[in-house]
Amino acid sequence: MKRLWTVLNIVLWLVIGGLFFVWVHNELEFREERLERPLPEGLHPIVGEKSNQLIDKAEEIGISIIITDSFRSVESQDVLYEKGRTYEGDIVTYARGGESYHNYGLAIDFVLKNSDGTISYDLQRDSNGNGEADWFEVARIGKELGFEWGGDWPGFKDYPHLEYTFDLSISDLQNGWRPEDKLEK
């Protein structure tokens, strides 16, 4: 009986060890694959769909908006970062290339559209006359669609900015994680 128990114990530890080895091997392979993933080259399809819903829902309540920015390459982000630093203008971002959700196709910027086709950044405008500023109505719609709004940030307020992060941090994205990794679970 003691011999049988010893054999079973050895077999159990060999199985556990084998499973652990397979898990470690798969994890290391996945990490290596993740770090080699290229950056996205456009707006994520779900973010694109949510952007269209935002435009439609805003229009339903009498507010016209335009998406002014969506996917942004790392190079474009670096140029934008330099505005107000190495060349004239106001600082418009604190994110360098690779540090913005725009660089991963997970962010959009919007502005209000006037009836004459021009754009407005007027945070107080109430074109639909319901007593609530249009800008904040659009932000509320965005949040209902699952976006996080830059106007809610504690420091720098980025009122035109909406991001759909899939619960991924910038660090996660820099380390190769993508929305599909979250969607597969």
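Details of the structure are given in the entry above.
Residues numbered from 1 in each chain as written. Predicted model: local features only at pLDDT ≥ 70, side-chain atom pairs only at ≥ 80, totals over all residues. Heavy atoms only, no water.

### With respect to the overall build of the chain
Line of reasoning, step 1. Looking only at helices and strands, the chain features six helices and five strands.
Line of reasoning, step 2. Ordered by position from the N terminus, the helices and strands of the chain form the series α-α-β-α-β-β-α-β-β-α-α.
Line of reasoning, step 3. Buried positions account for 32% of the 185 residues belonging to the chain.
Line of reasoning, step 4. Considering only contacts in the chain between residues 6 or more positions apart, those separated by 24 or more positions represent 59%.
Line of reasoning, step 5. Split by element, the accessible area of the chain, about 11,500 Å² in all, is 56% carbon and sulfur. (Helix = DSSP H or I, 4+ residues; strand = E, 2+ residues; numbered from the N terminus. Buried < 20%, exposed > 50% of the residue type's maximum accessible area, 1.4 Å probe, protein only. Contact = heavy atoms within 4.5 Å. Areas by Shrake-Rupley, 256 points an atom, 1.4 Å probe, with all protein chains shown as cover.)

### A short note on a nonpolar patch on the surface
Line of reasoning, step 1. A contiguous nonpolar patch, built from Met-1, Leu-4, Trp-5 and Leu-8 and spanning about 550 Å² of accessible area, is present on the exposed surface.
Line of reasoning, step 2. Within the secondary structure, Met-1 is located in the segment before helix 1 (2-35).
Line of reasoning, step 3. Accessibility expressed as a relative area gives 83% for Met-1, which makes it exposed. (Patch = residues over 30% accessible without salt bridge, like charges linked within 9 Å, V, L, I, M, F, W, Y side chains within 5 Å. Salt bridge = Lys/Arg side-chain N within 4 Å of Asp/Glu carboxyl O.)

### What to know about the packing of aromatic side chains
Line of reasoning, step 1. Inspection of every chain in the model, using the stated rule, returns eight aromatic pairs.
Line of reasoning, step 2. Through a chain of ring-to-ring contacts, the aromatic side chains of Phe-110, Tyr-121 and Trp-135 assemble into a single cluster.
Line of reasoning, step 3. The ring of Tyr-81 is capped by Arg-85, whose NZ or CZ atom sits 3.8 Å from the centre of that ring. (Phe/Tyr/Trp six-rings, centres within 6.5 Å; stacked < 30°, edge-to-face > 60°. Lys NZ or Arg CZ within 6 Å of the ring centre and 35° of its normal.)

### Regarding helix 4 (residues 134-144)
Within an α-helix, residues lying three or four positions from one another point in the same direction, as the helix has 3.6 residues per turn.
Line of reasoning, step 1. Within the span of helix 4, buried status applies to Asp-134, Trp-135, Glu-137, Val-138, Ala-139, Ile-141 and Gly-142.
Line of reasoning, step 2. Packed against the buried residues of helix 4 are helix 2 (45-60), strand 1 (65-69), strand 2 (107-113), strand 3 (119-120), strand 4 (148-149) and strand 5 (161-163).
Line of reasoning, step 3. Just past helix 4, the residue Gly-146 takes up positive phi, approximately 105°.

### Side note on the nonpolar core
Inside soluble globular proteins, nonpolar side chains tend to come together where they are buried.
Line of reasoning, step 1. Core analysis: the largest hydrophobic core is formed by 26 residues, its most contacted members being Leu-54, Ile-65 and Val-138.
Line of reasoning, step 2. Broken down by secondary-structure element, the contributors of at least two residues to this core are helix 2, strand 2, helix 4 and helix 5 (170-174).
Line of reasoning, step 3. With five residues, strand 2 is the single largest residue contributor to this core.
Line of reasoning, step 4. The residues contacting Val-138, other than those within four sequence positions of it, are Leu-54, Ala-58, Ile-63, Ile-65, Phe-110 and Leu-112. (Core = buried A, V, L, I, M, F, W, Y, C linked by side-chain atoms within 4.5 Å.)

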